[in-house]
Amino acid sequence: MPSTEKLRLISVHAHPDDESSKGAASTARYVAEGHDVMVVTCTGGERGSVLNPAMDRPEVHVNLRAIRREEMERAAKILGVQHRWLGFIDSGLPEGEPMPPLPDGCFATIPLETSTEALVRVMREFRPHVVVTYDENGGYPHPDHIRCHEVSVAAFDAAGDAGRFPDAGEPWQPLKLYYTHGFSRKRMQAFHDALLARGLESPYGEWLGKWDPDRGDVMDRVTTRVECADYFEVRDEALKAHATQIDPTSRWFTVPSDLQRDVWPTEDYELARSLVDTTVPEDDLFAGLRDDEAPR
């Protein structure tokens, strides 16, 4: 029988806005079902670019750290999630040839043990059953996304070990670890075809045309597809809360919601580790936990 107790999920992200572009409809669904969801943001996004032309003003650049914190607060309220800042400094996205070194003291350069302990402290306080983060490629190769993966996996392993970080709270072992996957060729192709079939312009043609045919598709790794189409509008409102990062006239919002619900009504994940019995494919991040015998 389904458990009537709340389950807890923690979603770990590199920067403010990542929580709204990756798995936001799923988290909104689980909040609506009465479960507890916490978003952890590893950095303040201080070195992010202003990607919305309407916000590309001198006073925004000067106050970017404070503005991004305000945006994150609004997005968390829209999604209904609890939120914690891990407190580290954005590493930026280095560009150039040769690639310049990362700034001293940024998230991707500090000792892994330091950031792992910070996340273990949050996990032991919140006591999540499920942890969601990025895969080993970070979703895309931003140094903070890759480090977010490394920290999340290390904290998943350390949180339940009384011998690790003894000053970070009482041990608590999360039971399932997932990687979120969204940048899929199959997904883009499905939307592209559906838009053209409706006589609409597709924003995906250029991406698809440049896609390396030898490059694998993350959908081949997906084990768990969460139905969350009823929460796509909530996801979009949370994205728009990040006004410095999201242009409301951009390609993010060119696919009509009804088409999205028809063509791809899920958000997609890879079960990386499970300490409970479950069978893949799944349709629920809490699969194997919704029974009265599951550890609480």
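Every value quoted in this text rests on a predicted model; they were computed, and no experiment measured them.

Colleague: Tell me about the sheet that holds strand β5 (residues 176–181), and please be specific about residues and values.
Modeller: Taking strand neighbours across the sheet as the criterion, the seven strands line up as β3-β2-β1-β4-β5-β7-β6 in an open arrangement whose pairing is mixed. Edge positions in the sheet fall to β3 (82–88) and β6 (224–227), since each has one partner strand and no second. Geometrically, the sheet is characterised by an average inter-axis angle of 25° between neighbouring strands, direction not taken into account. Two strands pair when backbone bridges link them, and strand β1 (residues 8–13) and strand β2 (residues 36–43) are joined in this way by six bridges, in the parallel orientation. Paired with I10 across the strands is M38, a residue of β2.

Colleague: Just give me the short version of the packing of helix α5 (residues 112–126) against helix α6 (residues 143–158), but keep the residues and values in it.
Modeller: For the pair α5 and α6, interaxial distance at closest approach is 8 Å and the crossing angle is 55°. By the angle class used here, α5 and α6 are oblique. Crossing angle aside, the handedness with which α5 passes α6 is right-handed. Residues L112, S115, T116, L119, V120, M123 and R124 of α5 lie in contact with α6, whose contacting residues are R147, E150, V151, S152, A154, A155, F156 and A158. Split into classes, the residues belonging to the contact of α5 with α6 amount to nine nonpolar, three polar and three charged.

Colleague: Requested: an account of the pattern of salt bridges, with residues and values cited.
Modeller: Under the counting rule described, the total for this entry stands at 25 salt bridges. For the salt bridge of E206 with K210, the shortest nitrogen-to-oxygen distance reads 3.1 Å. Here K210 and E206 lie together in helix α8 (residues 205–210), a separation of four residues that amounts to about one turn. According to the relative accessible area criterion, E206 is exposed, its value standing at 51%. K210 gets classed as exposed once you look at its relative accessible area, which sits at 62%. The shortest N-O distance in the salt bridge between D284 and R290 comes to 2.5 Å. R290 gets classed as partly exposed once you look at its relative accessible area, which sits at 28%. Via salt bridges that share partners, R29, E33, D284 and R290 belong to a single interconnected network.

Colleague: Outline α5, supporting the account with residue identities and numerical values.
Modeller: Between the first and last C-alpha of α5 there are 21 Å, a value that for 15 residues agrees with the 21 Å anticipated at 1.5 Å per step. If you check which residues of α5 are buried, you get S115, T116, A118, L119, V120, V122, M123, R124 and F126. The secondary structure elements touched by the buried residues of α5 are β1, β2, β3, β4 (130–133) and α6. Positioned one or two residues after α5, R127 has a phi angle of 60°, which is positive.

Colleague: Talk me through the packing of aromatic side chains; I want residue IDs and the actual numbers.
Modeller: Counted under the stated rule, the structure contains seven aromatic pairs. Between F191 and Y204, the ring centres sit 6.3 Å apart and the planes meet at 25°, which makes this aromatic pair stacked. Of this pair, F191 sits in helix α7 (residues 185–197) while Y204 sits in the loop between α7 and α8, and the two are 13 residues apart along the sequence. Residue F191 is classed as buried on the basis of its relative accessible area of 2%. Its relative accessible area of 10% is what places Y204 among the buried residues. Ring-pair connections join several aromatic residues into one group, and the members of that group are F183, F191, Y204, W207 and W211.

Colleague: Please provide a residue-by-residue account of the side chain of S26, values included.
Modeller: Tracing the backbone through its elements, the reader meets S26 in helix α2 (residues 24–32). Classification of S26 as buried rests on a relative accessible area of 1%.

Colleague: Which residues make up the state of the cysteines, and what are the values?
Modeller: Counted by the stated rule, this structure contains zero disulfides. Of the cysteine sulfurs around C42, a residue in no disulfide, the closest is that of C148, at 4.1 Å. Taking relative accessible area as the criterion, C42 reaches 0% and is therefore assigned buried.

Colleague: Account for the environment of H61, naming residues and giving values.
Modeller: Tracing the backbone shows H61 in helix α3 (residues 58–62). By relative accessible area, which is 44% here, H61 ends up partly exposed. Along the primary structure H61 and G48 are separated by 13 residues, whereas in three dimensions their C-alpha atoms are 9.8 Å apart. Apart from the residues within four sequence positions on either side, H61 is in contact with V50 and D56. A distance of 2.6 Å separates a polar atom in the side chain of H61 from a polar atom in the side chain of D56.

Quick notes on the rules
- Residues numbered from 1 in each chain as written.
- Predicted model: local features only at pLDDT ≥ 70, side-chain atom pairs only at ≥ 80, totals over all residues.
- Heavy atoms only, no water.
- Pairing = 2+ DSSP bridges.
- Helix = DSSP H or I, 4+ residues; strand = E, 2+ residues; numbered from the N terminus.
- Axes fitted to C-alpha atoms, helices over the stretch in contact; angles between N-to-C directions.
- Parallel < 35°, antiparallel > 145°, perpendicular 65-115°, else oblique.
- Left-handed = near helix turned anticlockwise from the far one by under 90°.
- Contact = heavy atoms within 4.5 Å.
- Nonpolar A, V, L, I, M, F, W, Y, C, P; charged D, E, K, R; others polar.
- Salt bridge = Lys/Arg side-chain N within 4 Å of Asp/Glu carboxyl O.
- Buried < 20%, exposed > 50% of the residue type's maximum accessible area, 1.4 Å probe, protein only.
- Expected span 1.5 Å × (residues − 1).
- Phe/Tyr/Trp six-rings, centres within 6.5 Å; stacked < 30°, edge-to-face > 60°.
- Disulfide = S-S within 2.5 Å.
- Polar contact = N/O pair within 3.5 Å; in protein donor to acceptor, adjacent residues only side chain to side chain.

By themselves these figures say nothing about function.
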